[in-house]
Amino acid sequence: MAKPAQPRIFATVAAPSLNAMESIAARVGGSQVGFEFRLDYLQDFAEMELRLHQIFLRLRSPYTIATCRRVEAGGQFPGAVEEQANILAAAVRAGCAWVDIEIESISQAGPELLRRFGGAKIVVSVHDFKKLPPLGETYRRLSKLPAHAVKIAGLARSLSDNLKVRQFLKSHRTASHRAVVIALGASGLPSRLLGLNWGSAWTFASASPHFSAAPGQLPAEVLRSVYRVESVDHRTQLYGVVGTRASTSLSPAMQNAAFHAKRVNAIYLPCETPRLSDFLGFARKLGFAGFSVTMPFKRAIIRELDWVEPMAAQIGSCNTVAVQRGKWTGWNTDAAAVVEVLTKRLRLAGSRALILGAGGAARAAAFALRGEGAMVFIAARREVAARRLASSVSAQVVPWDSADGLDVDTVINATPIGMSPNVEGLPVDLARLRTRVVFDMVYFPLETRFLAEARGRGLTTISGLEMLVAQGARQFEIWTGQSAPRALMEQAVRQGFGIVEND
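Residues numbered from 1 in each chain as written. Predicted model: local features only at pLDDT ≥ 70, side-chain atom pairs only at ≥ 80, totals over all residues. Heavy atoms only, no water.

## Let's talk about the overall build of the protein
Line of reasoning, step 1. Scanning the protein for helices and strands turns up 17 helices and 20 strands.
Line of reasoning, step 2. Its C-alpha atoms give the protein a radius of gyration of 26 Å, within 12% of the compact-globule value 23 Å for 503 residues.
Line of reasoning, step 3. C-alpha atoms of the protein, sized along the principal axes, occupy 80 × 50 × 45 Å.
Line of reasoning, step 4. Among the 503 residues that make up the protein, the fraction classed as buried is 57%. (Helix = DSSP H or I, 4+ residues; strand = E, 2+ residues; numbered from the N terminus. Rg over C-alpha atoms; globule rule 2.2 N^0.38 Å. Buried < 20%, exposed > 50% of the residue type's maximum accessible area, 1.4 Å probe, protein only.)

## Things to note about the nonpolar core
Line of reasoning, step 1. Counting 97 residues, the largest nonpolar core has Phe 37, Leu 39, Phe 117, Phe 279 and Phe 288 as its most contacted members.
Line of reasoning, step 2. A total of eight residues in this core trace back to one element, the largest contributor, which is helix H3 (residues 81-93).
Line of reasoning, step 3. When residues no more than four places from it in sequence are discounted, the contact partners of Phe 288 are Leu 238, Tyr 239, Gly 240, Leu 269, Cys 271, Phe 279, Phe 282, Ala 283 and Val 323.
Line of reasoning, step 4. Counting 37 residues, the second-largest nonpolar core is a separate cluster that includes Val 338, Ala 365, Ala 374 and Ala 470. (Core = buried A, V, L, I, M, F, W, Y, C linked by side-chain atoms within 4.5 Å. Contact = heavy atoms within 4.5 Å.)

## Notes on the packing of helix H13 (residues 360-371) against helix H14 (residues 383-393)
Line of reasoning, step 1. Relative to each other, H13 and H14 sit at 25 degrees, their axes nearing to 10 Å. One way to sum up the angle between H13 and H14 is to call them roughly parallel. Classified by chirality, the crossing of H14 by H13 is right-handed. Counted together, Ala 362, Arg 363, Ala 366, Phe 367 and Arg 370 of H13 and Leu 389, Ser 392 and Val 393 of H14 form the full contact between these two elements. (Axes fitted to C-alpha atoms, helices over the stretch in contact; angles between N-to-C directions. Parallel < 35°, antiparallel > 145°, perpendicular 65-115°, else oblique. Left-handed = near helix turned anticlockwise from the far one by under 90°.)

## So, the pattern of salt bridges
Line of reasoning, step 1. Scanning the model with the defined rule gives 23 salt bridges in all.
Line of reasoning, step 2. One salt bridge connects Glu 72 with Arg 70, and the closest N-O pair in it is separated by 3.1 Å.
Line of reasoning, step 3. The class of Arg 70 is buried, set by a relative accessible area of 8%.
Line of reasoning, step 4. Across the pair Asp 404 and Arg 432 runs a salt bridge, and its minimum N-O distance is 2.9 Å. Of this pair, Asp 404 sits in the loop between strand E17 (396-397) and strand E18 (410-413) while Arg 432 sits in the loop between E18 and strand E19 (437-440), placing them 28 residues apart in sequence.
Line of reasoning, step 5. With relative accessibility at 11%, the residue Asp 404 sits in the buried group. (Salt bridge = Lys/Arg side-chain N within 4 Å of Asp/Glu carboxyl O.)

## What about the sheet that holds strand E2 (residues 33-38)?
Line of reasoning, step 1. Spatially, E7-E6-E5-E4-E3-E2-E1-E8 is the arrangement adopted by the eight strands of the open sheet, whose pairing is parallel. In this open sheet, the two edge strands, each paired with only one partner strand, are strand E7 (178-184) and strand E8 (203-206). Geometrically, the sheet is characterised by an average inter-axis angle of 25 degrees between neighbouring strands, direction not taken into account.
Line of reasoning, step 2. In terms of strand pairing, strand E1 (residues 9-13) meets E2 through five bridges, oriented parallel. The partner of Ile 9 across the bridge, within E2, is Val 33.
Line of reasoning, step 3. Here helix H5 (residues 135-142) sits on the sheet in contact with strand E5 (121-128), strand E6 (149-155) and E7, set at roughly 145 degrees to E6. (Pairing = 2+ DSSP bridges.)

## Concerning the environment of Cys 318
Line of reasoning, step 1. Secondary-structure assignment places Cys 318 in the loop between helix H11 (310-315) and strand E13 (320-324).
Line of reasoning, step 2. Distance from Cys 318 to Arg 303, taken between C-alpha atoms, is 10 Å for residues 15 residues apart in sequence.
Line of reasoning, step 3. When sequence neighbours within four positions are dropped, the list of residues in contact with Cys 318 reads Val 293, Lys 298, Ile 301, Ile 302, Leu 305, Gly 330, Trp 331 and Asn 332.

## Here we look at the side chain of Asn 162
Line of reasoning, step 1. As for its position among the elements, Asn 162 is in helix H6 (residues 160-171).
Line of reasoning, step 2. Classification of Asn 162 as buried rests on a relative accessible area of 0%.
Line of reasoning, step 3. Not counting residues within four places of it along the chain, the set of residues in contact with Asn 162 comprises Ala 183, Ser 187, Gly 188, Leu 189, Pro 190, Ser 191, Trp 198 and Phe 282.

## What to know about helix H7 (residues 189-198)
Line of reasoning, step 1. Summarising burial for H7: nine of the ten residues are buried, a large majority.
Line of reasoning, step 2. Just downstream of H7 lies Gly 199, where phi reads positive at about 130 degrees.

Here is the structure:
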């Protein structure tokens, strides 16, 4: 039987025992994924060689990397270089194909250390958990060693660090040593998702959805089924979400599922950064076709756009950008989504709506409902903000403490009250409020206490999940001109929640 092609994704297996390592590795599906065994996480090395041999036979994977990273290099192994070398040599005898040796050990023991591992291929590596090291200089230094591959991993302090990785990989495609370069951390996620297309020999993923051995490491199943990183090519269009917490967004799961279902060659990336200017340079350099905007950039992005739809301009907030004929155009799909989900339950013209909150989500809801002819009441804990919003949209202000005494057709929670981890919070007392439809924009957890109580009282409820999918579907339609596969998008979000809630 022919040996399978070397995988382009290696799943990092890290656990305190070999039994746990085997259990974790066995759950990684597909023969096209290799394994990196982080032996520095082991607490007991007794009979390690025999046990590893048995594990390798059962896994039937010819591609395994043995790593025993010392504390000095950012790992867990407290022993000396000689002990590290003995452990790695035992892993090679057990059947491991590759050995990863960090530069700190080589500097201490000398290059002859690399000749102690029989027929195994050698990866020499550098890890910097404070910054991205100078890639060209680091590669030239490591490539002088008798090794088969060079791995460089450094913390991304901005999205622009991914551009450095891209430039390096594209210029070293024909280099003497295979290069694996990764920008660590949340801002470095694009390097993990696009690195294979840029020229990285492989990338690393976590074997478990509940534990990552390196900052920014994603589960192997997510790399393969959500982002499909092995299929990204030079024709793949780039989209993404920008914000200070973009790495936790569920939009990538939703949008990538939609792209795949509609056979659109595109990938949607999490782009986390504290500076909008950092993202703008990144997106322009890579030629993004569109992107979502989340907190805190929904207002600031408007200054960067060539055209803004009237509703987004009126609200003063943009959550969707499409690049059309080289022009950046802005939209607010939150407002459209509010109208969409509410019109399924009640007639908006002439209705009475209570909006709780005065932030961006409340502002989008207020302008959208007023545009449909609804009477809007605003209640917020910050009364100044409530008055400012009410004045801009011709709504009425209701004191926060007396909001639950109103008689309205719908109440919309546009505050974070009830959001995980503070799941017991309630924005208003439903026993006093007279309403027919309860709409909670919070979507984590999927079933908030507010919605559960409303349903228990026989009221019509609208979840934040429905709102999330509705606004995301409109984004997809703006970008592609195709109808969005909404049921599939909702399913993708629910699966994403399953990972988060079980973490």
